[in-house]
Amino acid sequence: MKKAVLVLADGAIFHGSSFGAQGEVVGEVVFNTSMFGYQELITHPSLAGQILVFSYPHIGSVGMNAENVESDKPHAIGLALSELTQASNWKAKESLESYVERWGIAGVCDLDTRRLLTHLRKHGCQPGVLSSETLSTQALIDRARWTKPYEDVDLVATVTTKNVYSYPTEVEGQGGGWHVVVVDFGVSRSILNTLVALGARVSVVPAGTSAEAILEMKPQGIFLSNGPGSPNAVEGASRTVASLLGRVPLAGIGLGYQMLALALGLRVVKMKMGHRGANQAVRFLETGHIEITAQHHGFEVEMPKAKGDIEVSYCNVNDGSLEGIQLPGLKAAGIQFQPSGAAHLHPFYQKFARWSDNSML
């Protein structure tokens, strides 16, 4: 295999072998600790602009298929892993190597990911360059240092839909179910499926849609989706959310939750490493129960100093960071994570359904 190198903005250098598309990509280098679900991660819109490092050593064994994806295409711009394994699964339609090559995604394997992850944990996630073309490391380091900070780039603009559409498309024009308008900051398929499982009729609109245009669609609930990057870089979105608060029941998840926080006057700041994995423990303060959640985010909402009407609903068990808020008086709530399993039965989604679906009152 052709040689490849991954360099970080702080000068760290990691050598390996190239797979997938040949070339050079620049992005934020982040890592995920999940032992499974690489198909979902690669195709998750929240990965836009990122080079994803896998902590689990063997990646590729289940291949790729159209069922276990979060969107119609990959969004990670580069992959870094220890061992690229052969696909051996009855559901596999093609190998991971074939998939990333077909989509033009650069990859590096045979990498010392333990050393790389230890470095990122100590020094934080940062810009990097993955290259199979130029092995002159100083030039690559300079390029990583000159790249625009990840938190200053509006990545939502690269993933949001360009047109309004119904989901699933086969129910377009039908009148059944309570109507939810999803503001697409980079919505994942699992969120849309959860809303449908709740019995909703779903319309998806671009991220830049005005509050007036959304309200003209006569929604019974508004859902702010997940997405990539920092909410501070998405111009005008938090003002739109502020205009919608109190007029229609509203819920946000991931980046959508952060947009809700900004609309309420809270601060959203970059984390050193973020939360990326399938084992993030959060505490539901209403009951004291602990949930193990899947997360992939690099920004956090700061704890409100004067809560007022804002109720803190979830906190991360490991670092105490804020993971959820709610405002029952305004029928608004948000969480940082996506509930796993039967998500439509989760208290967050059930509360949103009760607020929005008049038949459940």
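Here we summarise the structure given alongside this text. Per chain, residues are indexed from 1 in the order of the written sequence. Local features in a predicted model are, by the rule used here, given only for residues with pLDDT of at least 70; side-chain atom pairs are given and counted only at 80 or more, and totals for whole chains, interfaces and linings are based on all residues. Only hydrogens and water are set aside when side-chain values are computed; all heavy atoms of the structure are taken into account.

### Focus on the overall build of the protein chain
This is how the line gets drawn: Strands here mean DSSP runs of E at least two residues long; helices mean DSSP runs of H or I at least four residues long; both are numbered from the N terminus. Radius of gyration means the value over C-alpha atoms here, while the globule rule gives 2.2 Å times the residue count to the 0.38 power. Contacts: residue pairs with any heavy atoms within 4.5 Å of one another. Areas reported here follow the Shrake-Rupley algorithm with a probe of radius 1.4 Å; residue values treat only the protein chains shown as occluding. Just so you know, the count uses Lys and Arg for positive and Asp and Glu for negative, and it drops His and the chain ends. Charged side chains are reduced to one point each, which is NZ for Lys, CZ for Arg, CG for Asp and CD for Glu.
Across its full length, the protein chain holds 10 helices and 19 strands. On C-alpha atoms alone, the protein chain measures out to a radius of gyration of 20 Å, which is about the 21 Å that the 2.2 N^0.38 rule sets for 361 residues. In the protein chain, of all internal contacts separated by at least 6 residues, the share reaching a separation of at least 24 is 73%. When the accessible surface of the protein chain is totalled, it reaches about 15,400 Å², and 50% of it is carbon and sulfur. In the protein chain, 29 side chains carry a positive charge and 33 a negative one; their mean positions are 3 Å apart.

### Regarding helix α4 (residues 137-146)
Condition: Categorising residues by exposure relies on relative accessible area from a 1.4 Å probe, with only protein chains included: less than 20% of the type maximum marks a residue as buried, more than 50% marks it as exposed, and the intermediate range marks it as partly exposed. The directions considered for the arc run from the helix axis to the C-beta atoms.
Along α4, the residues that are buried comprise Leu-140, Ile-141 and Ala-144. Angular distribution of buried residues about the axis of α4 spans 100 degrees; they occupy a single face of the element. Looking at the packing, one finds that the buried side of α4 touches β1 (3-8), β2 (13-20), β3 (24-32) and β9 (126-131).

### Here we look at the side chain of Ser-225
Formally: Under the rule applied, a polar contact is a pair of N or O atoms within 3.5 Å (in protein, one hydrogen donor and one hydrogen acceptor; residues adjacent in sequence only if both atoms are side-chain atoms).
Locating Ser-225 in the fold gives a position in the loop between β13 (221-224) and α8 (237-244). In this structure the side chain of Ser-225 is engaged in a polar contact, spanning 3.5 Å, whose partner is the backbone nitrogen of Gly-186. Side-chain polar atoms of Ser-225 contact the backbone nitrogen of Val-187, separated by 3.5 Å. Apart from the residues lying within four places of it in its own chain, the contact partners of Ser-225 are Val-182, Val-183, Asp-184, Phe-185, Gly-186, Val-187, Ile-253, Leu-255 and Gly-256.

### Describing the sheet that holds β9
Strands pair in a sheet through their backbones, by hydrogen bonds, and they do so in one of two ways: parallel or antiparallel. The line we're drawing: At least two DSSP bridges between two strands are required for those strands to pair. Between N-to-C directions, angles span 0 to 180 degrees; the directions come from axes that are lines fitted to C-alpha atoms, helices contributing only their stretch in contact.
Strands sit in the order β1-β2-β8-β6-β4-β3-β9 around a closed barrel of 7 strands; the barrel is mixed. Direction aside, neighbouring strands of the sheet carry axes that sit 35 degrees apart on average. The pairing of strand β4 (residues 50-54) with strand β6 (residues 78-80) spans 3 bridges and is parallel. Note that in β6 the partner of Val-53 across the bridge is Ala-80. Strands in contact with α4 are β1, β2, β3 and β9; relative to β1, the strand with the most contacts, it is inclined by about 45 degrees.

### What to know about the nonpolar core
Applicable threshold: In plain words, nonpolar cores are sets of buried Ala, Val, Leu, Ile, Met, Phe, Trp, Tyr and Cys residues tied together by side-chain atoms within 4.5 Å.
Ranked by size, the top nonpolar core spans 37 residues in total, and within it Leu-6, Phe-54, Leu-79, Leu-96 and Leu-116 carry the most contacts. Apart from the residues within four sequence positions on either side, Leu-6 is in contact with Ala-12, Ile-13, Phe-14, Val-29, Ile-51, Ala-80, Leu-111, Leu-116, Val-129 and Leu-130. Ranked by size, the runner-up nonpolar core spans 35 residues in total, among them Val-156, Leu-260, Leu-266 and Val-268.

### Some details on the environment of Ala-261
Turning to its location among the elements, Ala-261 is positioned in helix α9 (residues 255-263). In this structure, the C-alpha to C-alpha distance between Ala-261 and Ala-333, residues 72 residues apart in sequence, is 9.6 Å. Contacts of Ala-261, omitting those with residues within four sequence positions, involve Leu-266, Val-301 and Ile-325.

### Observations concerning the packing of aromatic side chains
Geometry of an aromatic ring pair is reported as the spacing of the ring centres plus the angle between the planes. Rules: Each aromatic pair joins two rings of Phe, Tyr and Trp (for Trp, the six-membered one) with centres within 6.5 Å, and gets the label stacked for planes under 30 degrees apart, edge-to-face for over 60, and tilted for any other angle.
Taken as a whole and assessed by the stated rule, the structure comprises 9 aromatic pairs. Seen from their ring centres, Phe-284 and Tyr-314 are 4.8 Å apart, and the 15 degrees between their planes marks the pair as stacked. Linking Phe-284 in strand β15 (residues 268-284) with Tyr-314 in strand β17 (residues 311-316), this pair joins segments that are 30 residues apart in sequence. Residue classification places Tyr-314 among the buried positions, given a relative accessible area of 3%. Ring geometry for Phe-348 versus Tyr-349: centroids 5.3 Å apart, planes at 70 degrees, classification edge-to-face. Its relative accessible area of 7% is what places Phe-348 among the buried residues. Looking at Tyr-349, the relative accessible area reads 0%, which means it is buried. An aromatic cluster is defined as three or more aromatic residues linked by ring pairs; in this entry it consists of Trp-178, Phe-223, Phe-348, Tyr-349 and Phe-352.

### Some words on the pairing of β3
Among the 9 residues of β3, 7 are classified as buried, and the element is accordingly described as predominantly covered. Where β3 and β4 come together, 5 bridges link them in parallel fashion. Paired with Asn-32 across the strands is Phe-54, a residue of β4.

### Some remarks on the environment of Asp-10
Tracing the sequence through the fold places Asp-10 in the loop between β1 and β2. Here the alpha-carbon distance between Asp-10 and Lys-351, two residues 341 residues apart in the chain, equals 45 Å. Sequence-distant contacts of Asp-10, that is, excluding residues within four places in its chain, are made with His-119, His-123, Gln-126 and Arg-145. Within polar-contact distance, the side chain of Asp-10 engages the backbone nitrogen of Ala-12 at 3.1 Å.

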